[in-house]
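Observations on chain architecture
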Amino acid sequence: VATNIEKFQNKRLRVLLADDAEFNLDLLSDYLSKIPTSDILRANNGKKAFDRYVEINQQGKKIDLVVTDYDMPMLNGKGLVEKIRAFEKENNLTECTIIMISGNDNDHNMIRDLLNPRGEHRVAKFMTKPILYLSSWRLLLKASICNLT
């Protein structure tokens, strides 16, 4: 894993985190501090996350990775993903990688829909809380490498 970090140390990853729990935002920010990042942007609900996503893109920058909770106020994770994908399509943008996290993994149809690579959402990974350090770190590193190659 260390060689992967060294290989991509000159490339930077801009990440948007969306979760209504401050603890989870802090935890994910800590995980992300282990991989090359230029910006870690945080939002405590889906609406704020989408507004940040649009703002960054309008500045001519790109969000490489979105990590979002499913259950949030104002706009849930699924709604956030729908809005991001629609914005990308309308503005002819390359799709960012999206990872969905949730404390509930009982709705298998919803998860299958989110992960469908030909579907509306095209989420790269669905993770169940609690988020374990090692598996999360590896997943975020893999997502960063996929976006930087």
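Here is a short report on the structure shown in this document. Just so we're clear, the structure is a prediction, and the values are computed from it rather than from any experiment. (Residues numbered from 1 in each chain as written. Predicted model: local features only at pLDDT ≥ 70, side-chain atom pairs only at ≥ 80, totals over all residues. Heavy atoms only, no water.)

Before going further, it helps to spend a moment on the nonpolar core. Counting 24 residues, the largest nonpolar core has Leu16, Tyr53, Ile63, Val66, Leu80, Ile84 and Ile98 as its most contacted members. For this core, the element with the most residues is helix H3 (residues 46-58), which contributes 5 residues. Excluding residues that lie within four positions of it along the chain, Leu80 makes contacts with Ala18, Gly46, Ala49, Phe50, Thr68, Met72 and Leu75. Counting residues in each nonpolar core, the second largest holds 13 residues, with Leu17, Leu25, Tyr31 and Ile99 among its members. (Core = buried A, V, L, I, M, F, W, Y, C linked by side-chain atoms within 4.5 Å. Buried < 20%, exposed > 50% of the residue type's maximum accessible area, 1.4 Å probe, protein only. Helix = DSSP H or I, 4+ residues; strand = E, 2+ residues; numbered from the N terminus. Contact = heavy atoms within 4.5 Å.)

Next up on the list: the pairing of strand S4 (residues 97-102). In terms of burial, S4 is a largely internal element, 6 of the 6 residues being buried. Burial of S4 is two-sided: the residues Thr97, Ile99 and Ile101 facing one way and the residues Ile98, Met100 and Ser102 facing the other way are all buried. Where strand S3 (residues 65-69) meets S4, 5 bridges bridge the pair, whose relative direction is parallel. From the neighbouring strand, Val66 faces S4, where its bridge partner is Ile98. In this view, the connection linking S3 to its parallel neighbour S4 by way of helix H4 (residues 77-90) has right-handed handedness. The pairing of S4 with strand S5 (residues 125-128) spans 4 bridges and is classified as parallel. Residue Ser102 lies in a different strand from S5, and its bridge partner there is Thr128. (Pairing = 2+ DSSP bridges. Right-handed = clockwise from strand over helix to strand, strands pointing away.)

Applying the stated criterion across every chain yields a total of 2 aromatic pairs. A ring pair is formed by Phe50 and Phe87, whose centres lie 6.1 Å apart and whose planes are at 85°; its orientation type is edge-to-face. With Phe50 in helix H3 and Phe87 in helix H4, the pair connects residues that are 37 residues apart, well separated along the chain. Side by side, Phe50 and Phe87 carry an identical accessibility label, which is buried. An angle of 80° between the planes, with centres 5.9 Å apart, marks the rings of Tyr53 and Phe87 as edge-to-face. Here Tyr53, found in helix H3, pairs with Phe87, found in helix H4; they are 34 residues apart in sequence, far enough to count as distant. Just as Tyr53 is buried, Phe87 falls in that class too. (Phe/Tyr/Trp six-rings, centres within 6.5 Å; stacked < 30°, edge-to-face > 60°.)

Another point: unusual backbone geometry. Of note, Met74 is a non-glycine position whose phi angle comes to about 70°, a positive value. If you trace the backbone, Met74 turns up in the loop between S3 and H4. Unusually for a residue other than glycine, Asn92 sits at a positive phi of about 55°.

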